[in-house]
Amino acid sequence: MALLRTPTVQDHVALAEIELCGELMIAASAADEDRLSPDRIDEVLNVTAERALLEESERALLGESGERALFGSSPWE
């Protein structure tokens, strides 16, 4: 008789969200105030580091004029 197995499926996005929620719960339980400030939430979730990288990428793509610097000099335009 063959055993029926259900394949193991992992939703990596869901697992990452669960981990982030856990980090927020730990920070909230250790906080003295009733609520975490938006700045503290950003710190717990490492949003500030990611935001800085995104802003740097935007500056590189848009240049100082605000237009896409990488695509403005295309010979196909």
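Residues numbered from 1 in each chain as written. Predicted model: local features only at pLDDT ≥ 70, side-chain atom pairs only at ≥ 80, totals over all residues. Heavy atoms only, no water.

Caption draft 1: Summary view of the environment of Ile 41. Here Ile 41 shows up in helix H2 (residues 38-44). Residues Ile 41 and Ala 28, 13 residues apart in the sequence, show an inter-C-alpha distance of 9.2 Å. Non-local contacts of Ile 41, meaning those with residues more than four positions away in its chain, are made with Leu 24 and Leu 36. (Helix = DSSP H or I, 4+ residues; strand = E, 2+ residues; numbered from the N terminus. Contact = heavy atoms within 4.5 Å.)

Caption draft 2: How the structure looks around helix H3 (residues 47-62). Under the 1.5 Å per step criterion, the end-to-end length of H3 is 22 Å for 16 residues, consistent within 8% with the ideal 22 Å. Downstream of H3 by a residue or two, Gly 63 has a phi angle that is positive, lying close to 70°. (Expected span 1.5 Å × (residues − 1).)

Caption draft 3: Quick look at the pattern of salt bridges. Considering all chains together, one arrives at 1 salt bridge under this definition. Where Arg 40 meets Glu 43, a salt bridge forms, and the shortest distance between an N and an O atom there is 3.1 Å. One end of the pair is Arg 40 and the other is Glu 43, both in helix H2 and 3 residues apart, which spans about a single turn. On the basis of relative accessible area, Arg 40 is assigned to the partly exposed category, the value being 32%. (Salt bridge = Lys/Arg side-chain N within 4 Å of Asp/Glu carboxyl O. Buried < 20%, exposed > 50% of the residue type's maximum accessible area, 1.4 Å probe, protein only.)

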